[in-house]
Structures are given as structure tokens and as C-alpha cells.
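Structural overview for review
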Amino acid sequence: MTIFLSLIPASWLGWTSDLAALVRIPVTPISHIGIMFTSWVRPSLEPSDLPSDEKERNELAIAERDHYRQMYHAQMLRATELADQLRELQSLPETALRNPQPPIIIQVDVTGNRPSDVSGTIELKLIREASSRIRVGDIAIVGRDIVGRISSVGMTRIGLMPTTNKEMGLTRAAIVPAHPSNTRSPLLAEVILQSNGEAQMFAEVVATSGVKKGDLVQLDDSSWPEIGAGLTLGVVEDVMPLDEAPLRQRVIIAPRRIARNVSRVVVLGTGEDKTE
């Protein structure tokens, strides 16, 4: 009967509320008895129960005031946190919102294996309800900036490998102007990024490419999840000539956002939610 009713349109089931009210009638006296028993065990505070001493009454009033003030501030902090999460979701690129799986906001409960290693793998606290939606290789972003890829998914922790980690390997990317104009090409160079093991990446470009300091480096690698195409890996920090190859230049790239420096990241999960 339950399976049959679940297949019926909701507009046809208005009579079920009346049926529920009829079923609730026999239970109502029992619930009233429970309420009366609760009131007897824990009666509400009457004015006559208040301390007669003025000092004690003032202390009680101050304690009550502080308690409700604490509750108010706790709710304000929660509302601010939810507002921050909403702003982060609104700042995501349109491609992330069109992903079959919705983006996952994860609080950065970061524990660095080696705090001195700025490009080392870090750990994030796993959200249980999202464990099935996160896979190794998924992209972690802040706004439109890639901060790393998921390297492991454990029972309680998620491993996040920053883009500057040396084990990230070679990554294909495109360098585009930060401020497009008619005087510059919309695609300056296609490069292969490699980490220097510290807080930067580097690549080589043709000396006539026109790459300048401040240009954006965007992901263009088919080995990464498709949803990450066009997201920002970093910004050109310096362009230096190569003595051993005068026709080429070395480009130093630094990420704009670092996972260690933010309170939360957004994971573009590619797994399927088993709870659906």
C-alpha cells in the first residue's frame, strides 16, 4: 500500500491529512498526560520562586542575560557563516554550477604534515554525507582559482595536493591576458606547467609570445576533470630570458589562492551520491 500511494500524484493525497487527524485522536489523551507529567516533574519558574535577596535576583538576571546573549551571538555567527558560503557559491564559475553533481563546501580543518613545506599535501575534514561524491583527482577551488586536487579519500580525512606540489607532475595550461584588448592576442601561449617544489610553478614560452607579468594561467589539460577547463591555476609573476635558449623565456607562475590560507574550499566532486 505504501509503494502504491507513493506513486500517486501529491494533489490526490489531500485526504491523508484528515486520516492522520483521525489516527491522532486516540493518542491525544496520552500526549496530554505526558505534558502534565513533565510540568509536574519540572515546573516552570514562578515569580514566588525567585530569590528574595536583591543581590541574588540581580545575579540571576545577569546570568540569564549572558545566556541569551551567548545564544544570540552563536546564531549570528552561524548566519554569517552561511552567508559566506552563499557568497562563495555565487562566485563559482558557471561551469561548476552546471556540473551534474553540485559543488561541495568543505571546512578547511587543515593539518599540515610539515608546516614549513608550503607545497606539501594537506588534510581536510571529510563530510560524511559527501564521501561518496568525492573521488581522487577531483578539483578543489576557491572562487575561480584552483588550489589543488584530491589525492586521497579516507574514512575521516581528505588529502589535498596543492597545485605547487612537485608530485602534481606536468600540467597543460594556457596563458591569457588578464585584461583582454584588441592589441593583444586572446591566447598568448600554450604551456606545460611544472612545480619547482616550493610555492611556484614554471614553464617556457617563445620569446615572441608577448606574455607579461600579471597574465592569467588557465587549466587546459584533458587529463583533469572536464569541469576544471578554463579555471585559473595562477598568475604570471615574472618572465625571464633563458641564456641557454635565447629564443625562449621562462615564466614563473604563482597561485592566487592557497588552501592553507582560507577557511574553506569547494570541491567539484565527480562521484555519484549513493544517498539519492
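The rules behind each value
- The residue numbering used here restarts from 1 in each chain and proceeds along that chain's sequence as written.
- Note on the predicted model: pLDDT of at least 70 is required for a residue's local features to be given, and 80 or more for side-chain atom pairs to be given and counted; whole-chain, interface and lining totals, by contrast, use all residues.
- Note that water and hydrogens are dropped before the side-chain values are worked out from all heavy atoms of the structure.
- Every case where a carboxyl oxygen of Asp or Glu lies within 4 Å of a side-chain nitrogen of Lys or Arg is listed as a salt bridge.
- By definition, any uninterrupted DSSP run of H or I lasting at least four residues is a helix, any uninterrupted run of E lasting at least two residues is a strand, and each is numbered from the N terminus.
- Categorising residues by exposure relies on relative accessible area from a 1.4 Å probe, with only protein chains included: less than 20% of the type maximum marks a residue as buried, more than 50% marks it as exposed, and the intermediate range marks it as partly exposed.
- Note on contacts: a residue pair qualifies if any of its non-hydrogen atoms lie within 4.5 Å across the two residues.
- Strands were regarded as paired on the criterion that DSSP finds at least two bridges between them.
- We call Phe, Tyr and Trp rings a pair once their centres come within 6.5 Å, taking the six-membered ring for Trp, and we label the pair stacked below 30 degrees between planes, edge-to-face above 60, and tilted otherwise.
- Should the NZ of a Lys or the CZ of an Arg lie within 6 Å of a ring centre and within 35 degrees of the ring normal, that charge is described as sitting over the ring.
- Like charges are joined within 9 Å and nonpolar side chains (Val, Leu, Ile, Met, Phe, Trp, Tyr) within 5 Å, but only among residues with over 30% relative accessible area and no salt bridge; these make up the patches.
- Per-residue accessibility takes into account occlusion by the displayed protein chains alone, with areas from the Shrake-Rupley method and a 1.4 Å probe.
- Just so you know, the count uses Lys and Arg for positive and Asp and Glu for negative, and it drops His and the chain ends.
- Where a charge lies is defined by one atom per residue type: Lys uses NZ, Arg uses CZ, Asp uses CG and Glu uses CD.

Observations regarding the pattern of salt bridges
- Across all of its chains, the model carries 6 salt bridges by this definition.
- The partner of R65 in a salt bridge is D66, and the shortest N-O contact between them spans 3.1 Å.
- Here R172 and E190 are joined by a salt bridge, their closest N and O atoms 2.7 Å apart. Of this pair, R172 sits in strand β7 (residues 171-176) while E190 sits in strand β8 (residues 189-195), placing them 18 residues apart in sequence.
- Assessed through its relative accessible area of 35%, R172 is described here as partly exposed.
- With relative accessibility at 47%, the residue E190 sits in the partly exposed group.
- The structure contains a network of salt bridges with shared partners spanning E204, R248 and R250.

Looking at the environment of Q218
- Here Q218 is to be found in strand β10 (residues 216-219).
- We classify Q218 as partly exposed; its relative accessible area is 22%.
- For the pair Q218 and T232, spaced 14 residues apart in the sequence, the C-alpha separation amounts to 4.4 Å.
- If near-sequence neighbours (up to four positions away) are discounted, Q218 is found in contact with A173, A174, V176, G230, L231, T232 and L233.

A closer look at the pairing of strand β11 (residues 232-242)
- Note: β10 against β11, 3 bridges, orientation antiparallel. Each residue of the ladder has a partner; that of Q218, found in β11, is T232.
- Where β11 meets strand β12 (residues 245-254), 7 bridges bridge the pair, whose relative direction is antiparallel. By the bridge assignment for β12, M240 is matched with R250.
- Linking two consecutive strands that pair antiparallel, namely β11 and β12, is a turn of 2 residues.

Concerning the packing of aromatic side chains
- Per the counting criterion, the structure on display carries 0 aromatic pairs.
- Sitting over the face of the ring of W224, R149 holds its NZ or CZ atom 4.3 Å from the ring centroid.
- For R250, the ring lying beneath its charged end belongs to F202, and the centroid distance is 4.7 Å.

Quick word on a negative patch on the surface
- There is a patch of like negative charges on the surface, built from D53, E54, E56 and E59.
- Looking at where E56 falls in the secondary structure, it is placed in helix α4 (residues 54-90).
- Given the relative accessible area of 43%, E56 is considered partly exposed.

Observations concerning a nonpolar patch on the surface
- Taken together, W15, L19, L22, V23 and I25 make up a surface patch of nonpolar side chains, about 520 Å² in accessible area.
- Relative to the elements of secondary structure, L19 occurs in helix α2 (residues 15-24).
- Overall, L19 belongs to the partly exposed group, its relative accessible area being 44%.

In short, geometric facts, not functional conclusions.
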